[in-house]
Structures are given as structure tokens and as C-alpha cells.
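# Chain and residue survey
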Amino acid sequence: MEGAMTNSFDSISSYSDAIRAGNAHPSELVGACCSLIKEKDSRLGAFQEVFLDDALKAAEAADRSIDAGHRIGPFHGLPFALKDIVEVENKITTAGSPLRKDHVSTATAIIASRLISSGGILIGKTKTVEFAYGGWGTNEHMGTPWNPWDATEHRAPGGSSSGSAVAVAAGLAGCAVGTDTGGSVRLPSAWCGLVGLKVTEGLLPTGGIVPLSHTFDTPGPMTRSVRDTALMFETLLGRSPSAIDYDRDQTVGLWGQLVKGVQGVRLAVLDDTERRWADQAMLDLYDKSLDLLSNLGAHIEVVRLPIGFDDLKGASGTIMSAEGYYHHGPWYEDADRLCDSAVRPRILAGKGISSQSYINAMQQRIQDQIAFQASLQSFDALVTPTTMTSAVIVETINQSETPAHFTRAANYLGMCGLTLPMGLTDEGLPGGLQVMAPAYCESKVLQIGAAFEEVAPVLGAPSS
């Protein structure tokens, strides 16, 4: 039809508006995604399983329903992907493990049901680090997706929501669900040039999601823009589609927050002690981003944090390992079982953590949260680079280390966090800007992100 949008790199919120106006149909976008999957995914390896025939049938049904005046809401007809730890009834959920390659789910996760009942079209399940335990995005048995920002070198996609990030960045899906236990939405989003939201723990239900650490696990949206993230976030919350439509139309609620800008917003930023963890390429992008925020009217102030990010990373690791072993230890006790050699020591490390040590860590977490809240009480958010470096070449990875230096803090401290692109390095690789705020302040990080996105460099599409 005249004026139809067929580019799968278009924002899903813009595409939703075009569908509503009668200028586009779901089958066009879903068809474009399916074509790109057939063309590119044999190389990129983003998907564990695709449901192309089902997706196309659902898109055609959405066409007919919307044309007949039965549009559900703004998510109706939009193609999305699910990280393959999210259960869907009668579909296999491997959780990235060959030990679960035949595991057929008997029920659908709550967040997946919310997306589907809002008219979303599931296009496939995406690859993940085994049991979601790893920040690099590698998986030695099920395959490591190829970061699409480098056509010649196999660079890390980030993890553990590796396939979700690659699928959205390469245009194979309009948006995707990831999960974040220590950065697993934010790390791959940053390395693949996306927006990713780590929500407050408990805000989104984890029922039907294979656990890693029940204390830290949070599902979240991975998209190409802040407004896309807001649309997916409100849908994941289970808000009425008509209510989301109303708020978008009237620019109220979260949608009113997105246009407030950052005039007078107080942002805490890293001091030299913390800056030294990031390489120069990330610091250059970070400093340019802070200048942009300052020019928009934000107040920028260097802070000395009460606890360093490296210490927070270690404290979070104790809880994560203990709970990871609780959930998955038996799989890894048998040395003959086909487990990922990088994940096995992370899981088995939890075996040696006593109940007293675990409880001490949980109690210390409360004290650390209080100390952090006190140090940041005069600020609206803490802004950092999302990662220490841009995406590294896979063969250079040291699996005994983690790229989650700046991200684990949000999970441990009970904060919410947003990553969004702050530009490209001289190598043409994305860098992510992380905005962290207290629990239940998702609207604030999205407000800051929306203002920054208006003036930030536009990345465009990746090379592969």
C-alpha cells in the first residue's frame, strides 16, 4: 500500500503508529524480519529456534483484525523475540544447555503471555549463555552469536541475552526480551548499539523464566530507541493496551515523563578512581555524553562512592553463585555431563558458600544499599559507561573475568538502570551510557534517556 513501511530497522513505536493510521500492516514488518532471518541468521546465529510460519500466519491474522477495526493496542502486530530461558507452552526451552535440548515447556511465562495477549507476534527464541550465567555472550555447545557491528571479526555480543541483542540490532526482530541478573540486558545492549532496561527487582514477574539468581533476576526490554523501550516496558507491566494508547495520545503518564527533558536534573558521575576501570575509547564517549547532558541543562557532579564498583561486583557474585548452585548445581556435579566449560566453575563456586556466608552477604547487601542511598540522595541518577570497553574479539576472552564491572551494582543495590548508545568508537563499535536510579524510578531513567537520545550521535544500522 502507498506509504507503507517495510524497513525492519524502523522503530516499533513508529511502526505501531503507522499501523494505527492505516499506512502499514503487521505482515509487512513480520515479513521483513523473516526475510532477514533467512538471509542473515545462518551467519549471525541469533536464534535458537524460529517460528516463521506461525509468525507469518499471526501477522496475516493481525492484518485482518486491525483492518476490521479490532486493533488491540499499540503492541498489536509487532514482532518480538524471547530469550530462550523464557517458557512458551509446547515450545522447547533450552536455557542455552544441550542437557535441555528436548525440554518442552508446559506453560507460558507471564511476561510472554502479556506480550502475546497484547497482540505481539513471537518470531522465535534467541540464544543465551548457558543458564544465563555469563556476561560475554559465549556458548561453546549451542553457539555464540556474531556481533553485527563487525563484519570481519567475531566479536562478543555480550551476555547473557546475546541472541536477543543480535536479533534486534541486525533487524531480525523488532524488539526482544532479555533478562538481567548482573547486566545481562545492559551488556549485550551496549555492545550491540541498543537500548536496554534493567527494571527494579520484583516489578516484572519471573514466573515461567528459568532462574539463575532469584534475588537478582529481572526480565526487561531490548529495543532500538527509548520510546520503543517505554512501549515494551508498559506492555510487559501488563497495562491495558487502551490505557497505553491513551497515555501516548495525551502525552501523560510515562509518555509525559519522556518529554520533560533534563533541565535541573542532578546527575552523579564517576571520579578518577572509578574512571580508571574504563578504557580511553569509552571515556571519550562518556565525556562527550556528559557534555551533551550538561548542555541540555543537567547538573553534573563528580561523586566519591561509598563502595567501589569492583567491591560491589564481588559482593553480588557471592549471592549469584550461591543461588546459581542452588538452582543448577546437580547438572554440573557430574564431570561427564555436557556442560559449558566456562559456566561450570561459576556454578560450582556456589557449592563452597556456606549458609552463614550467604546470609551474611544478604545482610551486608542491606547495609550497602543504605550507604549508597545516603551518598546519592541529592541526585536523580548515577551515570556511568555501561561497559569498560567496546565489544572484544571472542578468541581473546578470559572467561575467569567478567565485563559486568559497572552493571552488577544495580542488581546488588536494588536499583533500576538503562543503557543507551552514546556513539561509536574510532573502530566503529558502539559504546553504552548507563543511567542508574533508585528502585521504581524507571520513569526517571527513561526521561533522562529520552532527552539524551534526542542529541546523541545516531548509530545507523550495523555492518552485518
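Here the structure is shown first, and the text comes after it.
Quick notes on the rules
Residues numbered from 1 in each chain as written. Predicted model: local features only at pLDDT ≥ 70, side-chain atom pairs only at ≥ 80, totals over all residues. Heavy atoms only, no water. Helix = DSSP H or I, 4+ residues; strand = E, 2+ residues; numbered from the N terminus. Rg over C-alpha atoms; globule rule 2.2 N^0.38 Å. Buried < 20%, exposed > 50% of the residue type's maximum accessible area, 1.4 Å probe, protein only. Contact = heavy atoms within 4.5 Å. Areas by Shrake-Rupley, 256 points an atom, 1.4 Å probe, with all protein chains shown as cover. Lys, Arg positive; Asp, Glu negative; His and termini not counted. Charge placed at Lys NZ, Arg CZ, Asp CG, Glu CD. Axes fitted to C-alpha atoms, helices over the stretch in contact; angles between N-to-C directions. Parallel < 35°, antiparallel > 145°, perpendicular 65-115°, else oblique. Nonpolar A, V, L, I, M, F, W, Y, C, P; charged D, E, K, R; others polar. Salt bridge = Lys/Arg side-chain N within 4 Å of Asp/Glu carboxyl O.

### A word on the overall build of the chain
Of the regular secondary structure elements, the chain holds 16 helices and 11 strands. A compact globule built from 464 residues would reach a C-alpha radius of gyration of about 23 Å, and the chain, at 21 Å, matches this within 12%. For the chain, the spread of C-alpha atoms along the three principal axes comes to 60 × 60 × 40 Å. Each of the 464 residues in the chain was classed as buried or not, and the buried ones make up 61%. Contacts in the chain between residues far apart in sequence, at least 24 positions, make up 77% of those at least 6 positions apart. As presented, the chain carries roughly 16,700 Å² of accessible surface, and 49% of it is formed by carbon and sulfur atoms. Of the side chains in the chain, 35 bear a positive and 52 a negative charge, and the two mean positions are spaced by 3 Å.

### Some details on the packing of helix α1 (residues 12-20) against helix α8 (residues 241-250)
Two elements in contact, α1 and α8, have axes separated by 13 Å at closest approach and are oriented at 100 degrees. In terms of axis orientation, α1 runs roughly perpendicular to α8. Packed against α1, whose contacting residues are Ser13, Ser16, Asp17 and Arg20, the element α8 presents Asp245, Arg248 and Asp249 at the interface. Here the residues of the contact of α1 with α8 sort into no nonpolar, 2 polar and 5 charged.

### A short note on the pattern of salt bridges
In this structure the tally under the stated criterion is 20 salt bridges. Residues Glu427 and Arg155 are paired through a salt bridge, measuring 3.5 Å at the closest nitrogen-oxygen approach. Residue Glu427 is found in the loop between β10 (416-424) and β11 (430-437), and its partner Arg155 is found in the loop between β3 (121-126) and α5 (162-169); the two are separated by 272 residues along the sequence. On the basis of relative accessibility, which here comes to 58%, the residue Glu427 falls in the exposed class. By relative accessible area, which is 9% here, Arg155 ends up buried.

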